[in-house]
Amino acid sequence: MSNYNIYVSDYNRTKVLQFPTIPPKLPSFSSDSKNEEFETYWDIPYNFIEKKGLIKSSWSDWLPRYASKYYFSKSKVNAKEIIDLIENAKTNAEPIRVVISTPDGYYVNDSFSVEKFEHSIMKNGDYEYSLDLKQWRDYNTIITQTSTVGWQQDNTGWWYVYDANGSYYMGNWQLINNEWYNFRTDGYAQQNSWLQDGAYWYYFKDSCAMARNEWIQYKNKWYYFGSDGAMYFSGSATIDGVKYTFDDDGALIES
C-alpha cells in the first residue's frame, strides 16, 4: 500500500475522517501563475511574474462500503461517511479541509472548495468516486494591523503580535509563556480544534493552548494528551497509576 494518508474534515473540524483506501499514486497539487509578457516601444520584451494562484487537484479512486471487510483499510471509516461529509459541504456551500501526510511531513494541509464530486456504487457494493478540489481563501479573515505586542483578538479569533511593527506569527508552532500554540497560515491561533502534525494528533483548547498532560472530552468521548501534546492511541498506557486502553482513533475504551 502507498505510504501516505488522506484525511478530510468539515471546515470547523467537528468531524475528521481518514480515507480507508487511497490512490496508488500520491495526488498532485498544482497552481497557475498568470504571468504576463509585455514590451515597451523602444525596448526588448519583459516578463511580469505574478504570485502563485490557487492550488488545484483531482483524483479518482474507490471506497469500501464496509471498511472492516478489507484487511488493508487504513481506517474503519466507511464510504458513506466520507461521501456524506463532502456532499454536506456542497449543500451548505462550505469548504472542506484536506490533510495529506507522508513520512516527510505534511504534503498538503489546507481548505478547499469542492469543484466536482461524482460517486457511484460498483457491482460488489463498494463505491467509486472522482473528486476535484480548488484551494479556498476566506477574504473575511484579514487581521487588523496593530503595533501592540502580545495577544490580540477580533471576531474571528486570536493572533500574537511579536514586534512593534505589527508582525504576527503565521503558519508555525510557538512556545509562549511555557504553553505551545499553533498559528494557521492566516495568523489566527488554533482554537477548540484538532491538528495533525506528522503521525500525531494534537488538540487546542479554548485558550488556544495545546492540551498536554490532560484529558479532553470531545463528542462524549475521552482522549488523553501526553507531555508532548500528542494524543494517545492504539494501545494501553498507565496514567496516574491507572491503566487505560485507547482505540485506533484515540478514544478511551471504557470497560
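Residues numbered from 1 in each chain as written. Predicted model: local features only at pLDDT ≥ 70, side-chain atom pairs only at ≥ 80, totals over all residues. Heavy atoms only, no water.

The name recorded for the protein in an unreviewed UniProt entry is Cell wall-binding protein, from Candidatus Clostridium helianthi.

Here's the deal with the overall build of the protein
Regarding its fold elements, the protein presents one helix and 19 strands. If one aligns the C-alpha atoms of the protein with their principal axes, the spans along those axes are about 80 × 55 × 35 Å. Counted over contacts in the protein with a minimum sequence separation of 6, partners at least 24 positions apart contribute 45%. Here the protein has roughly 15,400 Å² of accessible surface; of this, 46% comes from carbon and sulfur atoms. (Helix = DSSP H or I, 4+ residues; strand = E, 2+ residues; numbered from the N terminus. Contact = heavy atoms within 4.5 Å. Areas by Shrake-Rupley, 256 points an atom, 1.4 Å probe, with all protein chains shown as cover.)

Focus on the pairing of strand β12 (residues 172-176)
Of the pairings in the sheet, the one linking β12 to strand β13 (residues 179-183) comprises five bridges and is antiparallel in character. In the strand pairing of β13, Asn 172 is matched with Phe 183. Counted along the chain from β12 to the antiparallel partner β13, the turn is two residues long, and its residue Asn 177 has a positive phi close to 50°. (Pairing = 2+ DSSP bridges.)

Remarks on the pattern of salt bridges
Using the criterion set out here, one finds six salt bridges in the structure. Taking the shortest distance from any N to any O, the salt bridge between Glu 118 and Lys 116 comes out at 3.6 Å. When its relative accessible area of 42% is taken as the criterion, Glu 118 is described as partly exposed. On the accessibility criterion, Lys 116 (40% relative accessible area) is partly exposed. One salt bridge in this structure joins Glu 214 and Lys 205, with 3.0 Å as the shortest N-O distance. Looking at Lys 205, the relative accessible area reads 23%, which means it is partly exposed. (Salt bridge = Lys/Arg side-chain N within 4 Å of Asp/Glu carboxyl O. Buried < 20%, exposed > 50% of the residue type's maximum accessible area, 1.4 Å probe, protein only.)

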